[in-house]
Number of protein chains: 2
Amino acid sequence: MNVIGELLGYIAGICIAVCFLPQTIQTIRSKNVAGLSLCSYVIYSIGILCWMLYGIYLHSFQMILFNAISLFFGVIILYMIIKHKK
Amino acid sequence: MNVIGELLGYIAGICIAVCFLPQTIQTIRSKNVAGLSLCSYVIYSIGILCWMLYGIYLHSFQMILFNAISLFFGVIILYMIIKHKK
């Protein structure tokens, strides 16, 4: 379980880290934010920040690193929504 | 740190659990999925599923419960994107 467990943490972390990269690219390119929920991305960013801090508490390298990357994309999407929302 | 750490896990968990509730409601109501990235929500759902399994490995009740709720909303948004994408 040790190896599988650690591996799961890496797969999850990589997915969560890069999942909003396509959304970020699409939003920057199209500037179409009509379908995006500002509220969702505010809560998401706060949640990811806390997950990252919780990762420090759990001594989980995966949670700290990958949530930091995820937070980066979350904040960019958030910025795009605020900038382009009508 | 014990109480703060556990509390952080709960705040993060609740945020991640409910963050895509507004997005889910907005998408169901408007059926506007043009701005949403299918790729992002596929990766997101896989990531959250692995986070949940990683939570079992870490014996983290917060990670298991809240990621399960988050996965639920992620899958609904995914379904809406596939159904309404032109």
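The sections below set out a description of the structure shown in this document. (Residues numbered from 1 in each chain as written. Chains lettered and ligands numbered in written order. Predicted model: local features only at pLDDT ≥ 70, side-chain atom pairs only at ≥ 80, totals over all residues. Heavy atoms only, no water.)

Focus: the overall build of chain A
Next, step 1: Assigned secondary structure in chain A consists of four helices and zero strands.
Next, step 2: In chain A, the order of α-helices and β-strands from amino to carboxyl end is α-α-α-α.
Next, step 3: A principal-axis box enclosing the C-alpha atoms of chain A has dimensions of 50 × 20 × 15 Å.
Next, step 4: Expressed as a percentage of its 86 residues, the buried residues of chain A come to 50%.
Next, step 5: The contacts in chain A between residues at least 6 apart in sequence include a share of 73% that link residues at least 24 apart. (Helix = DSSP H or I, 4+ residues; strand = E, 2+ residues; numbered from the N terminus. Buried < 20%, exposed > 50% of the residue type's maximum accessible area, 1.4 Å probe, protein only. Contact = heavy atoms within 4.5 Å.)

Looking at the side chain of threonine 27 of chain B
Next, step 1: Note that threonine 27 of chain B resides in helix α2 (residues 20–30).
Next, step 2: With residues up to four places along the chain from it excluded, the contact list for threonine 27 of chain B reads Asn32, Val33, Leu36 and Met80 of chain B.

Thoughts on the interface of chain A and chain B
Next, step 1: On the chain B side, the residues contacting the 42 residues of chain A number 42 residues.
Next, step 2: Here chain A packs against chain B, burying approximately 3500 Å² in sum over the two surfaces, 70% of which is carbon and sulfur.
Next, step 3: Looking at the side of chain A facing chain B, the largest losses of area belong to Trp51, Tyr54 and Tyr57 of chain A, adding up to 19% of the total buried there.
Next, step 4: Along the contact surface separating chain A from chain B lie zero salt bridges.
Next, step 5: Seen at the junction of chain A and chain B, the total is 23 residue pairs in polar contact (both at pLDDT 80 or more). (Buried area = accessible area lost by both parts, 1.4 Å probe. Salt bridge = Lys/Arg side-chain N within 4 Å of Asp/Glu carboxyl O. Polar contact = N/O pair within 3.5 Å; in protein donor to acceptor, adjacent residues only side chain to side chain.)

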